[in-house]
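Report on the structure
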Amino acid sequence: MNFDAVKNTLIEEAKKAGLKEYEVYFMESEGISTETLKGEISSFSSEVSGGVCFRCIVDEKMGRAATELFTEEEMKALVARAINNAKFIEKDDKAVIYAGAEHYETPKLPPIPEDSAATLKTRSLELLDDTIKQSEYIAESSQTGATRARVRMELMNSHGLHLSNEVGASLSFVQAVVEKDGESQYGIAMAKGLDGTEVADMPRKATEEALSKIGAEEIPSGKYDVIIDGERMRSLLSAFCSVFSGRQANLGLSLLRGKEGEQIAAPCVTLVDDPLYEGSPMQTGFDGEGVATYTKKVIENGVLNTLLYDIASAHKVDRESTGNGQRGGYTSDVGIAPYHFYIKGGELSEDELLSRMGDGLYITELKGLHAGANAVTGDFSIESFGFRVRDGKKCEAVRSFTIAGNFFELLKNIEALSDEVKFSIATSFTVFGSPDVLVRGMSVAGT
């Protein structure tokens, strides 16, 4: 059955069952991935999957069921299962099938990549060859890889709403491992796409990062002024992302509950959620419930404007959904997640930010981040790696120290930001980004 046949069968069966409000959500995904090791392709995967989820309201409860078997008999059974599942729902969330918005933004998506498996394999091997040429210290355990993915979604419901979107992205990576003076270190570089200047520069960047770690020293415990590299700050943002969820706040699991309209960060901090970020291959004009998405400043000049809501969590606090009810797949229930979620850049270059700090630490690696972060309290204690900074200049590498603090206090104590926002690679609708941030007097546990 094609999707039109699936929809028609489900609609007919829903009407036979006397359902007044129902929804059909379809998702189809396809991906290819390759990796290299020791001069050859070490792994290859190709996957195509798809399925449909049917939701309906029965006695003010939301029932749902999903399947990847597209037969007429299975579609009829799907409706019956969803109706039956509604009987066992114990949540008191208001059940809503969204009627639709007056306007939906149209994403300006770049072309969806169509690189073949052969192209991905060839590019991975070329990157490995380029990495080996970077240094005599490159080890056999160095790896490279390339991935391509495409996702298509359709949503229609009993209110006449019918939305669709198709997105895709490709990325490549290099993990350079060096062995020198009896020590082994690694460096990682990732880039969108399979070619271009950024991709071609990955072997050099990864190798230089690995070599810079050789001979790293330890530092004494104390209070240090620190600059957290944008890639690490975005990782912190990812680890504490749930504190901005309206659902978590309603459950009492976020200290931002009831803080909308209050100053929660330094005046230089503006946190943006943008589902239509220009140039991103993963944009969407609607969320997993059919609500129109839009760009919003979650924090503006330090003030919390809004948390992120889906329909149910917004209803509990008499608000409107912010269009953040995302679905991880056709079998997934609706969950709250951001899109391009990033701290807006400041006005200083990296060199100017280093000069402003003077002496301190430049943190370039966080290990075991999620294990060392408590999103409920905001506390974190994370093993780190970086460089000493003296007179505004990066100096020797330092290792085996732990930074400790509180995410909410960290937001308040950001003194300045660099002008470049460093984004993670888009492989889903959620992407994190941050500039480098300067924070004074952070607790560091060393030797």
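Preceding block: the structure.
A few points on the structure. Residue positions within a chain follow its written sequence, with the count starting from 1. Where local features are concerned, this predicted model is filtered to residues with pLDDT of at least 70; where side-chain atom pairs are given and counted, the filter is 80 or more; whole-chain, interface and lining totals use all residues. Side-chain metrics in this entry use all non-hydrogen atoms of the structure; hydrogen atoms and water are not considered.

Considerations on the overall build of the protein
Secondary structure elements follow DSSP: runs of H or I no shorter than four residues count as helices, runs of E no shorter than two count as strands, and numbering proceeds from the N terminus. A count of helices and strands for the protein gives ten helices and 20 strands. Its C-alpha radius of gyration of 24 Å places the protein within 12% of the 22 Å reference for a compact globule of 447 residues. Dimensions of the protein along its principal axes, counting C-alpha atoms only, are 75 × 55 × 35 Å. Only protein chains enter the accessibility calculation, which uses a 1.4 Å probe. A residue is then buried if its area is under 20% of the maximum for its type, exposed if over 50%, and partly exposed in between. In the protein, which comprises 447 residues, the share counted as buried stands at 49%. Areas reported as accessible are Shrake-Rupley estimates using a 1.4 Å probe. Residue values count occlusion only from the protein chains shown. For the protein, the exposed surface amounts to about 20,100 Å²; the carbon and sulfur share of it is 46%. Our radius of gyration is a C-alpha quantity, and the globule rule it is checked against amounts to 2.2 Å times the number of residues to the power 0.38.

Description of helix H9 (residues 350-357)
Taken together, the buried positions of H9 are Leu353, Leu354 and Met357. One face of H9 carries all of its buried residues, which in axial projection span an arc of 100°. Of the residues in H9, the exposed ones pointing more than 90 degrees away from the buried face are Asp351 and Ser355. What makes two residues a contact is simply this: any of their non-hydrogen atoms within 4.5 Å. Where the residues of H9 are buried, they touch strand E7 (222-228), strand E14 (360-367), strand E15 (379-390), strand E16 (393-406), strand E17 (414-417) and strand E20 (437-445). Looking one or two residues beyond H9, the residue adopting positive phi is Gly358, at roughly 85°. By construction, the arc corresponds to the directions joining the helix axis to the C-beta atoms.

Regarding the layout of surface pockets
Note on definitions: the grid is 1 Å and covers protein atoms alone; a cavity is a set of points where a 1.4 Å probe fits but cannot get out; a pocket is an open set with protein on both sides within 12 Å along at least five of seven lines; lining residues have an atom within 4 Å of a point. Grid points are joined across faces, edges and corners, and a volume is the space filled by probe spheres set on the points. Considered as a void within the structure, the largest pocket measures approximately 1,600 Å³ in volume. Taken together, 47 residues make up the lining of the largest pocket; nearest its centre are Ile188, Lys205, Glu231, Arg232 and Arg234. The set of elements that each furnish at least two residues to the lining of the largest pocket consists of strand E5 (162-180), strand E6 (183-192), helix H5 (202-212), helix H6 (230-239), E14, E15, strand E18 (422-423) and strand E19 (431-434). Examining the composition of the lining of the largest pocket, we find that six residues originate from one element, H5, more than from any other.

A word on unusual backbone geometry
Of note in this structure, Asp59 is not a glycine but carries a positive phi near 50°. Assignment of secondary structure puts Asp59 in the loop between strand E2 (40-58) and strand E3 (61-67). Using a relative accessible area of 72% as the deciding quantity, one classes Asp59 as exposed. Despite not being glycine, Asp391 has its phi angle at roughly 50°, a positive value. Among the secondary structure elements, Asp391 is positioned in the loop between E15 and E16. Its relative accessible area of 69% is what places Asp391 among the exposed residues.

Structural notes on the packing of helix H3 (residues 117-132) against H5
For any two helices packed against each other, one specifies the crossing angle of their axes together with the interaxial distance. Throughout, an axis means a line fitted to C-alpha atoms (over the contacting stretch in the case of helices), and angles, computed between N-to-C directions, take values from 0 to 180 degrees. The geometry of H3 relative to H5 is characterised by a closest axis approach of 9 Å and an angle of 45° between their N-to-C directions. With respect to H5, the element H3 is oriented oblique. Here the hand of the crossing between H3 and H5 comes out right-handed. Across the interface between the two elements, Leu127, Asp130 and Thr131 from H3 touch Met202, Pro203 and Thr207 from H5. In terms of residue class, the contact of H3 with H5 is made up of three nonpolar, two polar and one charged. Note on angle classes: values under 35 degrees are labelled roughly parallel, values over 145 roughly antiparallel, values of 65 to 115 roughly perpendicular, and the remainder oblique. Take the far helix as the reference: if the near one is turned anticlockwise from it by less than a right angle, the crossing is left-handed, and if turned clockwise, right-handed. Classes in brief: Ala, Val, Leu, Ile, Met, Phe, Trp, Tyr, Cys and Pro nonpolar; Asp, Glu, Lys and Arg charged; the others, Gly included, polar.

Remarks on the sheet that holds E5
Strands sit in the order E3-E2-E1-E4-E5-E6 across an open sheet of six strands; the sheet is antiparallel. The open sheet has two free edges, formed respectively by E3 and E6, since each of these has just one partner strand. For this sheet the average axis-to-axis angle between neighbouring strands, irrespective of direction, equals 20°. Any two strands with at least two DSSP-identified bridges between them are counted as paired. In terms of strand pairing, strand E1 (residues 22-37) meets E2 through 16 bridges, oriented antiparallel. The residue of E2 that forms the bridge with Leu37 is Glu40. Along the sheet, helix H1 (residues 3-16) contacts E1, E2, strand E4 (143-157) and E5; its crossing angle with E1, the most-contacted strand, is approximately 145°.

Overview of the side chain of Glu13
Following the sequence through the fold, Glu13 ends up in helix H1. For the buried residue Glu13, which engages in no salt bridge, the nearest side chain bearing the opposite charge is Lys16, 4.3 Å off. For Glu13, the residues in contact, after removing those within four places along its chain, are Lys76 and Val79. Charged-residue counts in this description rest on Lys and Arg as positive and Asp and Glu as negative, His and the chain ends being excluded. The term salt bridge refers to a side-chain nitrogen of Lys or Arg lying within 4 Å of a carboxyl oxygen of Asp or Glu.

Details of H3
Each residue after the first adds 1.5 Å to the expected span of a helix. Between its terminal C-alpha atoms H3 stretches 23 Å, which fits the 22 Å expected from 16 residues at 1.5 Å a residue. Within the span of H3, buried status applies to Leu120, Arg123, Ser124, Leu127, Leu128 and Thr131. Considered in projection along H3, the buried side chains sweep an arc of 135° and stay on one side of the axis. Residues of H3 that are buried sit in contact with E1, E2, E4, E5, helix H4 (197-200) and H5.

A few points about the pairing of E3
One ladder, built from seven bridges, connects E2 with E3; its direction is antiparallel. Across the sheet, residue Arg55 finds its bridge partner in E3, namely Arg64. Following E2, the chain reverses through two residues before pairing antiparallel with E3; Asp59 in that reversal takes a positive phi of roughly 50°.

Geometric values such as these leave the question of function open.
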